[in-house]
Amino acid sequence: LLVSGYVSSLGENIQMLQRGVNELGDVVAISEQVPGVQDAPDAVAAGPVRGEIVFQDVSFGYAGQDARLYDAFSLRIAPGETVALVGPSGSGKSTFVKLLGRFYDVDGGAILIDGRDIASIAQASLRQGVAVVPQDPLLFHRSIADNIAYGRPEADRAAIEAAAARARAHGFIASLPDGYDTLVGERGVKLSGGERQRVAIARAFLADAPILVLDEATSSLDTITEAQVQAAMDELAVGRTTIIIAHRLSSVRSADRILVFDRGRIVEEGRHDALLTRPGGRYRALYELQATG
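Per-chain numbering applies: the sequence of each chain, read as written, is numbered from 1 onward. Whole-chain, interface and lining totals are the exception, using all residues; otherwise, since this is a predicted model, local features are given only for residues with pLDDT of at least 70 and side-chain atom pairs are given and counted only at 80 or more. Calculation of side-chain values draws on the structure's entire complement of heavy atoms; hydrogens and water are dropped beforehand.

Colleague: So what's going on with the pairing of strand β1 (residues 53-60)? Which residues, and what values?
Modeller: Counted residue by residue, β1 has 6 buried out of 8 residues, so it is predominantly covered. Judged from the 5 bridges that link them, β1 and strand β4 (residues 108-113) form a sheet pairing that is antiparallel. Note on β4: the bridge partner recorded for Ile53 is Ile113. When a residue's accessible area, from a 1.4 Å probe over protein chains only, is under 20% of the maximum for its type it is buried; when over 50% it is exposed; and in between it is partly exposed. Labels follow the DSSP assignment, with helices taken as runs of H or I lasting at least four residues and strands as runs of E lasting at least two, numbered in each case from the N terminus. Strand pairing is assigned whenever DSSP identifies at least 2 bridges connecting the two strands.

Colleague: Lay out the sheet that holds strand β5 (residues 116-117) with the relevant residues and their values.
Modeller: Strand pairing in a sheet relies on backbone hydrogen bonds. The paired strands run either parallel or antiparallel. The sheet built from 4 strands is open, its strands ordered β2-β1-β4-β5 with antiparallel pairing. Either end of the sheet is taken by a strand with one partner, and the two such strands are β2 (70-77) and β5. Whether two residues touch is decided by their heavy atoms; if any such pair falls within 4.5 Å, the residues are in contact. Working convention: axes come from line fits to C-alpha atoms, limited for helices to the stretch in contact. Angles between N-to-C directions cover 0 to 180 degrees. Across the face of the sheet, helix α2 (residues 93-100) comes into contact with β1, β2 and β4 while running at roughly 110 degrees to β1.

Colleague: Account for the layout of surface pockets, naming residues and giving values.
Modeller: Detection works on a 1 Å grid of protein atoms alone, calling trapped sets that fit a 1.4 Å probe cavities and calling open sets with protein on both sides within 12 Å along at least five of seven lines pockets, with lining residues defined by an atom within 4 Å of a point. Grid points are joined across faces, edges and corners, and a volume is the space filled by probe spheres set on the points. Considering only enclosed or pocket space, the largest pocket measures out at about 830 Å³ in volume. If you trace the largest pocket, you find 25 residues lining it, with Arg127, Val130, Ala131, Val132 and Tyr150 closest to the centre. Every element with two or more residues in the lining of the largest pocket is listed here: α2, α3 (123-128), β6 (130-133) and α7 (193-207). If one sorts the elements of the lining of the largest pocket by residue count, α7 sits on top with 4 residues. As a working rule, the residues Ala, Val, Leu, Ile, Met, Phe, Trp, Tyr, Cys and Pro are called nonpolar, Asp, Glu, Lys and Arg charged, and the rest polar, with Gly in that last group. Its residues assigned to classes, the lining of the largest pocket comprises 15 nonpolar, 4 polar and 6 charged. Of the pockets and cavities examined, the second largest pocket occupies roughly 190 Å³. Those elements that provide at least two residues to the lining of the second largest pocket are α8 (223-237) and β8 (241-245). Of all the elements, α8 adds the most residues to the lining of the second largest pocket, at 4 residues. For the lining of the second largest pocket, the residue count by class is 7 nonpolar, 7 polar and 3 charged.

Colleague: Hey, could you go over unusual backbone geometry for me, with residue numbers and the actual values?
Modeller: For Asp208, which is not a glycine, the phi torsion comes out positive at approximately 55 degrees. Within the element layout of this structure, Asp208 appears in the loop between α7 and β7 (211-215). The residue Arg263 is not glycine, and still its phi comes out positive at about 55 degrees. Mapped onto the elements of the fold, Arg263 is located in the loop between β9 (257-262) and β10 (265-270). With relative accessibility at 68%, the residue Arg263 sits in the exposed group.

Colleague: I'd like a rundown of the packing of helix α5 (residues 157-166) against α7, residues and numbers included.
Modeller: At a closest axis distance of 8 Å, the pairing of α5 and α7 adopts a crossing angle of 125 degrees. It follows from the interaxial angle that α5 and α7 lie oblique. Two packed elements cross with a definite hand, and for α5 against α7 that hand is right-handed. From α5, Ala159, Ile160, Ala163, Ala164 and Arg166 reach across to α7, where they touch Ala202, Phe205 and Leu206. For the contact of α5 with α7, the class distribution of residues is 7 nonpolar, no polar and 1 charged. Relative orientations are named as follows: roughly parallel for angles under 35 degrees, roughly antiparallel for angles over 145 degrees, roughly perpendicular for angles from 65 to 115 degrees, and oblique for any other angle. Crossings are classed by handedness, with left-handed meaning an anticlockwise turn of the near helix from the far one by less than a right angle and right-handed meaning a clockwise turn.

If you want it as structure tokens, here you go:
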């Protein structure tokens, strides 16, 4: 019986070893991949950023697609301006943000931040200047404090708590048994959707980046939670160049400018009230569809 038990344990260990070797093989394969976007040999740090964004005759298409999504696309966003991107799925809104963060290189033209081509800026430095609050925030199986400090790891507890308070998150965090030391679970499974969003907003407050991207940040929330998260985002946007991607038009009413995208082109732009008065307008049609069904 003893020998049988040892043999059974040995078999289980061999299975674990085989599984581990296979997983290590995947890790090695990923680590050997060459990134598709490389820093230029003479790339430099971004330095202080005011927040002006210019798309200058940008052309871009995804690999495997026959037609380009963007063709000679041009746009200027002034420092401190809040711009909302609306339109149907596949119209180019999310691609705009991916190109701004240089997750893809453009096929033609240039993207400028404060007059400098982002292709000449080191990627790590470029992305430190852009804070993103996504629709589904990526939280790690660490404490809430660690997740908030992800944007600025050297931050002390006082700064973390101050960021959480500005994001309307301090109240629910303080009510947890372990407070800021509470483990959130894989991908934040122990928190509700609104709580995850507020942790992500606190992370953006702490990072204090001059350019802010709000990517469908309230689309999956109930009305009460949306109001709380929206108030935190409005405060976060003050003094920053802010890009809002939204399908729910209630979150873009206060934007300085609304851009209506369709197939990689801007077909309408203006403030909320002005666009609503445009007969036959795309934005007016979207708004009426959401308001009346």
